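A structural walkthrough
Okay, here's what each chain looks like letter by letter:
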Amino acid sequence: MIAPGAPTDAAPPWWSTAEADLHAQLKSAPAGLTAGEARLRLARHGPNAVAAADETTAANLLWRQFSSPLVLILVLASVLSLMLRDWVDAATILVIVAGSALLGFWQELRASDAVGQLRQRLALTARVRRDGQLATVPVQQLVPGDVIELSAGQLVPADGRVLEARDFLVDEATLTGESFPVEKQPGLTAADAPLAARLNAVHLGSSVRSGRAVVLVVATGAATVLADVAARLVARGDESDFERGVRRFGELLLRVMLGVVVVVLASNALLGRPAVESMLFAVALAVGLSPELLPAIVGVSLARGARHLAAAGVLVRRLDAIEDLGSIDVLCTDKTGTLTVGAMSLDAAVDAAGEPSREVLQLAHLNAVLETGIENPMDRAIVEAGRAAGLSTDGWRKVDEIPYDFIRRRLTIVVSPAAGDDEHLLITKGAVAAVLDRCALRPDERMRLEARAQAQGERGVRVLALATRRVPPQPRYTVDDEVALAFTGFLCFADAVKPDAAAAVQALARRGVRVTMITGDNRHVAAQVARQVGLEPKALITGAEVSALRDESLWQRAPHLSVYAEVDPAQKQRIVRALQRTGHAVGYLGDGINDAPALQAADVGLSVDRAVDVARESADIVLLQPDLAVLERGIAEGRRTFANTLKYIQITTSANFGNMVSMALATPLLPFLPLTATQILLNNLLSDLPSMAISADHADAEVLERPQHWDLSEVRRYMIVFGLVSSVFDLFTFGLLVTVFHAAPEVFRSGWFVVSLLTELAVMLVLRTRGPMWASRPAPLLLWTTVGVAVAAVLLPASGAIGGLFGLVPMPGAMQAALAAIVVGYVVATEATKRWFWRTRARPPGRC
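Everything numeric in this text was worked out from a predicted model, so none of it was measured. (Residues numbered from 1 in each chain as written. Predicted model: local features only at pLDDT ≥ 70, side-chain atom pairs only at ≥ 80, totals over all residues. Heavy atoms only, no water.)

Read across the sheet, 8 strands follow the order β8-β21-β20-β19-β9-β16-β18-β17 without closing on themselves; strand pairing throughout is mixed. The sheet is open, and its two edges are formed by β8 (314–316) and β17 (540–542), each paired on a single side. Between one strand axis and the next, the sheet turns through 20 degrees on average, direction left out of account. Of the pairings in the sheet, the one linking strand β16 (residues 514–518) to strand β18 (residues 563–565) comprises 2 bridges and is parallel in character. Its bridge partner being in β18, M517 is matched across the sheet by V563. Its contacts with the sheet place helix α21 (residues 569–581) against β9 (330–333), β16, β18 and β19 (586–589), and it is angled at close to 160 degrees to β19. (Pairing = 2+ DSSP bridges. Helix = DSSP H or I, 4+ residues; strand = E, 2+ residues; numbered from the N terminus. Axes fitted to C-alpha atoms, helices over the stretch in contact; angles between N-to-C directions. Contact = heavy atoms within 4.5 Å.)

Here is the structure:
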């Protein structure tokens, strides 16, 4: 493999090596490699990836379960117990810790496997010459010496040398910071040329804006230029709303845990209790407070959501995006293929007088067939219409091409008669205003043509203009030659609105998501489509008007606009930023090269399976079909996933917080510890078993109707309110056991263990819904695991040897009846408190 770095004294770098010599060094040929040789090179060089595709191996997942400082401290403390010959306690603690870790490992491994399967479905491919034929292979299987073909919209899959090129413009902003695309051509470049000046080379990390090329792969994977800056490029980006919420929640728990540990350790020290026992108890309390299965719960919930979405035709590239999708309240989308059918057809080719014209169709057909830039549905429609009319390119020869770009908004093909080269013909096709600007027209002629195009647009017909110019032959043409054109005619395209588009827009509105159309089409077509799908056509602004607005003015207007027409890629990104600046969570749906900046800027980028590579790789979620109805189901799934994750956090931390506060208060008042460290950990493990089923639980309808965001203050209030309700009943239980039943330490702990576990299980069923618990059925798995653990909790103290292993003993019947009454009272009180809590919530959910 040839290194991509600086030249050496021995040989020039590959961008300044003669093409024949480069082929010889790589033992390749213009026809490419054989399949057998490619397999050997893949084994030698490894996959074409800058970093490992997935660092989430089974070993890493297993280690993650034991990497928590609290767990490591607990293991260390149990080792100290072994040294002090306290065999039973030490072994029991180690077994419980291992069981909890393995439970989390199993769930996270399942989630990781699901993610891997989804990623395989979205793997990029490349067109490569193998065995003298063109084949499609996964990008990761490319090797040095391969010959690949690239076209507009594709990502460059490796570092390579351009062998052939036609109007080949490459965006290298990722590597060079240069915002404008660079034209690449075959040839030699100076050995000391910087990256931006290597006009015969392409690099992994860049993308093709227009044209086509044949490229010899020179470096793959870690040997590419991108590998040198990979740390910067793959560094973690901005936190998502969900990630930020989890991090801040973790910081809150850490502060609470430290406070509990300090109070308990100080109390036990003052009471002169054994140091090892006190440390085990304090650390077990801290572990009990933390929702240690949160990573597993989140992973399982997201993986389950991803599987459900995949079944509905929605593939997830970034798992966290599922919950971010549930939080969006504005969806920006193009109209073609999303609001409209996307099956463009050429309705008419007319001359300046509006009459059907075969000449106009012939010229448009030449332009569409011979262009090598961005594939688009309008060119396909022209080609199909020309084929149906019996047209061909016979008798014409392509001379040059001035590629389409999103600033000029037009494309020019230069042709000459095949029989001679005395005169060249420029055929320019593009947006009406962009073409008319380059035509030699009187003001009244332009007004008449614009009025005709506007009339068609108001009918929902998309119109392109066509113009020509005959010039003397010249070797090369540029945009400066697009002047003094003769207007030739209009091309009218039909793209019907989807029958269910209006219903999908209304369904999204019911979910609290406002649809905003952002399109490059003219304002008249955009307004007509908006009217048909239920958007407000008067709430429309054009790209020119957006450019004239200051950022502050756009921030004020953006939330009230429904349609943006005639916009360019930079304006799409600016619109997304303006909506975010005013507090909206924005989803952006796009499939073209010009959508990539907006896809990256949005809170959730959405694309479609048939999109160009650069758009698909910029997206977080890929739709197999551009269907808003499917997307609406995806938003509901995202909200359900978020709701269940938050449900686990709120229920677990409030129950654990109440138990920990109760034990921290009881520790200095009782002559013995209310529970041993082993019993705390066992309690925590058993209560976690039903929690794993929360990811499959139902969500309240009201939760699915509105966007959901993290609200750390509400999580804190929830934890304190319901935790203190639990503590009140805990302290009542303590008093009953001590003053009424005069329970010995082992009996006290057995009673408290059962009550603590039953109340945690009961509160899970009460708090899983905001409405009355009897009006919302839990998922079967959640219900029956809860019942199973509750039965085990009641039977464990009376089980003899098994209960004795954990220090649990049988209890008198009267005590059991009293404890059962306390659990029932706790359920009633929690249900009442829940109604008060949601009724008096200070404000709706917002960003943390």
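Next up on the list: the side chain of D379. Residue position: D379 is located in helix α14 (residues 377–388). Overall, the relative accessible area of 6% leaves D379 in the buried class. Among the polar contacts made by the side chain of D379, one reaches the side chain of K429 at a distance of 3.0 Å. Beyond its immediate stretch of four places on either side in the chain, D379 contacts A368, E371 and K429. (Buried < 20%, exposed > 50% of the residue type's maximum accessible area, 1.4 Å probe, protein only. Polar contact = N/O pair within 3.5 Å; in protein donor to acceptor, adjacent residues only side chain to side chain.)

A few words now on the pairing of β9. Both faces of β9 are covered, namely the face carrying V330 and C332 and the face carrying L331 and T333. Note that β9 and β16 share 4 bridges and pair parallel. Following the sheet pairing, C332 is matched in β16 by T516. The sheet contact formed by β9 and β19 spans 4 bridges and is parallel. Note that in β19 the partner of T333 across the bridge is L589.

Another point: helix α25 (residues 677–691). For α25, built from 15 residues, the straight-helix expectation of 21 Å at 1.5 Å per residue is met to within 8% by its first-to-last C-alpha distance of 21 Å. Among the 15 residues that make up α25, 14 are buried, leaving the element largely enclosed by the rest of the structure. (Expected span 1.5 Å × (residues − 1).)

Our next topic: the sheet that holds strand β15 (residues 486–494). Strand order in the open sheet made by the 6 strands is β10-β15-β14-β13-β12-β11, with antiparallel pairing throughout. Here the strands that pair on one side only, and so sit at the sheet edges, are β10 (345–351) and β11 (396–402). With strand direction ignored, the average angle separating the axes of adjacent strands in the sheet is 25 degrees. In terms of strand pairing, β10 meets β15 through 6 bridges, oriented antiparallel. Within the sheet, the bridge partner assigned to V350 lies in β15 and is F490.

Here the focus is the packing of helix α17 (residues 501–510) against helix α24 (residues 628–666). Relative to each other, α17 and α24 sit at 15 degrees, their axes nearing to 9 Å. Considering their axes alone, α17 and α24 lie roughly parallel with respect to each other. As for the relative orientation of α17 and α24, their crossing is left-handed in sense. Residues A504, V505, A507 and L508 of α17 touch α24, and the partners they reach there are L628, A629, E632 and I635. Tallied by class, the residues present in the contact of α17 with α24 amount to 7 nonpolar, no polar and 1 charged. (Parallel < 35°, antiparallel > 145°, perpendicular 65-115°, else oblique. Left-handed = near helix turned anticlockwise from the far one by under 90°. Nonpolar A, V, L, I, M, F, W, Y, C, P; charged D, E, K, R; others polar.)

Attention now moves to the environment of D320. Structurally, the position occupied by D320 is in the loop between β8 and α12 (321–327). Taking C-alpha positions, D320 is 9.9 Å from F642, a pair spaced 322 residues apart along the chain.

Scanning the model with the defined rule gives 11 aromatic pairs in all. Relative to F722, the ring of Y718 has its centre 4.6 Å away and its plane inclined at 45 degrees; by these criteria the two rings are tilted. With Y718 and F722 both in helix α27 (residues 712–740) and 4 residues apart, the pair spans about one turn of that helix. Ring geometry for Y718 versus W838: centroids 6.1 Å apart, planes at 55 degrees, classification tilted. With Y718 in helix α27 and W838 in helix α31 (residues 813–839), this pair connects stretches of sequence that are 120 residues apart. A network of ring pairs unites the aromatic residues F672, F734, F748 and W752 as a single cluster. The ring of W15 carries R198 above its face, with NZ or CZ at 3.6 Å from the centroid. Against the face of W838 rests R770, its NZ or CZ located 4.0 Å from the ring centre. (Phe/Tyr/Trp six-rings, centres within 6.5 Å; stacked < 30°, edge-to-face > 60°. Lys NZ or Arg CZ within 6 Å of the ring centre and 35° of its normal.)

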